[in-house]
Amino acid sequence: GAVVSQHPSRVICKSGTSVKIECRSLDFQATTMFWYRQFPKQSLMLMATSNEGSKATYEQGVEKDKFLINHASLTLSTLTVTSAHPEDSSFYICSARRLAGGARKDGYTFGSGTRLTVV
Amino acid sequence: EDKVVQSPLSLVVHEGDTVTLNCSYEVTNFRSLLWYKQEKKAPTFLFMLTSSGIEKKSGRLSSILDKKELFSILNITATQTGDSAIYLCAVDMDSNYQLIWGAGTKLIIKP
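None of the values given here were measured: they were computed from a predicted structure.

## Looking at the sheet that holds strand S3 (residues 19-25) of chain A
Residues and elements named next belong to chain A.
- Ordered in space as S1-S3-S8-S7, the four strands form an open sheet in which the pairing is antiparallel. Here the strands that pair on one side only, and so sit at the sheet edges, are strand S1 (4-7) and strand S7 (67-73). Recorded for the sheet is a direction-independent mean angle of 15° between the axes of neighbouring strands.

## Considerations on the state of the cysteines
- Considering all chains together, one arrives at two disulfides over all chains under this definition.
- There is a disulfide in this structure between Cys23(A) and Cys94(A), and the S-S distance comes to 1.8 Å. Handedness here is read from the sign of the S-S torsion; for Cys23(A) and Cys94(A), about -95°, the answer is left-handed. One end of the pair, Cys23(A), is in strand S3; the other, Cys94(A), is in strand S9 (residues 90-98), and 71 residues separate them in sequence. Across the pair, Cys94(A) and Cys23(A) agree in class, each one buried.
- Here Cys23(B) is linked by a disulfide to Cys89(B), with a sulfur-sulfur distance of 1.8 Å. Judged by the torsion about the S-S bond (-60°), the Cys23(B)/Cys89(B) disulfide is left-handed. Pair noted here: Cys23(B) is in strand S3 (residues 19-26) and Cys89(B) is in strand S9 (residues 85-93), with a separation of 66 residues, a long-range link. For the residue pair Cys23(B) and Cys89(B), the accessibility class agrees, reading buried in each case.
- The thiol sulfur of Cys13(A) is not disulfide-bonded, and the nearest other cysteine sulfur, from Cys23(A), lies at 17 Å.

## Points about the sheet that holds strand S1 (residues 3-7) of chain B
Residue and element names in this part refer to chain B.
- Ordered in space as S1-S3-S8-S7-S6, the five strands form an open sheet in which the pairing is antiparallel. Looking at the sheet topology across the chains shown, the edges are occupied by S1 and strand S6 (56-58). Averaged over all pairs of adjacent strands, the angle between their axes in this sheet comes to 15°, without regard to strand direction.
- Where S6 and strand S7 (residues 61-66) come together, three bridges link them in antiparallel fashion. Opposite Lys 56, over in S7, you have Ser 63 as the bridge partner.

## Focus on the interface of chain B and chain A
- Taken together, the contact between chain B and chain A spans 21 residues of the former and 21 residues of the latter.
- Both sides of the chain B and chain A interface together cover about 1,900 Å² of buried area, and 57% of this is carbon and sulfur.
- Linking chain B with chain A are zero salt bridges.
- At the boundary of chain B and chain A, one finds four residue pairs in polar contact (both at pLDDT 80 or more).
- Taken together, the residues of the side of chain B that touches chain A break down into 12 nonpolar, five polar and four charged.

## Some points on the pattern of salt bridges
All names here are of chain B.
- What the rule picks out here adds up to six salt bridges over all chains.
- Close ionic contact of Glu 26 with Lys 3 constitutes a salt bridge, the shortest N to O distance being 4.0 Å. In this pair, Glu 26 is assigned in strand S3 and Lys 3 in strand S1, connecting sequence segments 23 residues apart.
- The salt bridge involving Glu 39 is made with Lys 37; its shortest N-O contact spans 3.9 Å.
- The class of Lys 37 is buried, set by a relative accessible area of 14%.

Procedures and definitions
- Residues numbered from 1 in each chain as written.
- Chains lettered and ligands numbered in written order.
- Predicted model: local features only at pLDDT ≥ 70, side-chain atom pairs only at ≥ 80, totals over all residues.
- Heavy atoms only, no water.
- Pairing = 2+ DSSP bridges.
- Helix = DSSP H or I, 4+ residues; strand = E, 2+ residues; numbered from the N terminus.
- Axes fitted to C-alpha atoms, helices over the stretch in contact; angles between N-to-C directions.
- Disulfide = S-S within 2.5 Å.
- Buried < 20%, exposed > 50% of the residue type's maximum accessible area, 1.4 Å probe, protein only.
- Contact = heavy atoms within 4.5 Å.
- Buried area = accessible area lost by both parts, 1.4 Å probe.
- Salt bridge = Lys/Arg side-chain N within 4 Å of Asp/Glu carboxyl O.
- Polar contact = N/O pair within 3.5 Å; in protein donor to acceptor, adjacent residues only side chain to side chain.
- Nonpolar A, V, L, I, M, F, W, Y, C, P; charged D, E, K, R; others polar.

Next comes the structure, spelled out in structure tokens:
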């Protein structure tokens, strides 16, 4: 089945540094990738939507200069948290929408998440 | 290999029916099982289950976990068209900082 590989699963970084999170679709082409933050026992908060080859669309309140998203190919999207601060500590999850014609036209495949701790 | 399997993959019922969605799992270090409802882009949190046999309830939705048989069910009674969505199950793995997701069950409620 469709798999999205997300790395790293856990990262600890110092304040002021940047962290890159990668999501790769392993056996399908992901035209659209979604990036979320999740807090314990809460819904996933959509941060941005990226389409391959174009600029990401950010949700209201999400700083696009702080959370850089690149979707350079149909199988890879990256989220870079720039100049990270402790309040950026969270669980980040990606989700890929499969191309029409796949087993589930409107299905989403989720990455396993990245737990970011900024110290 | 850690995995979460949801069934059925899709389900079509009429308003007023009761549905049961299944989620089975095989993981190395289970911490909790989570249910979400996805209507648009962002899944909405429904339940987190950590203990066997304790039913969690929210309105017409309820869920229970069986840690011996490694599965959970999500029940929806008196379904409404607004219940139409993809229901996702995910297992949180202790110490691995990972969520393993099921493929989801697409539920369609016909008026």
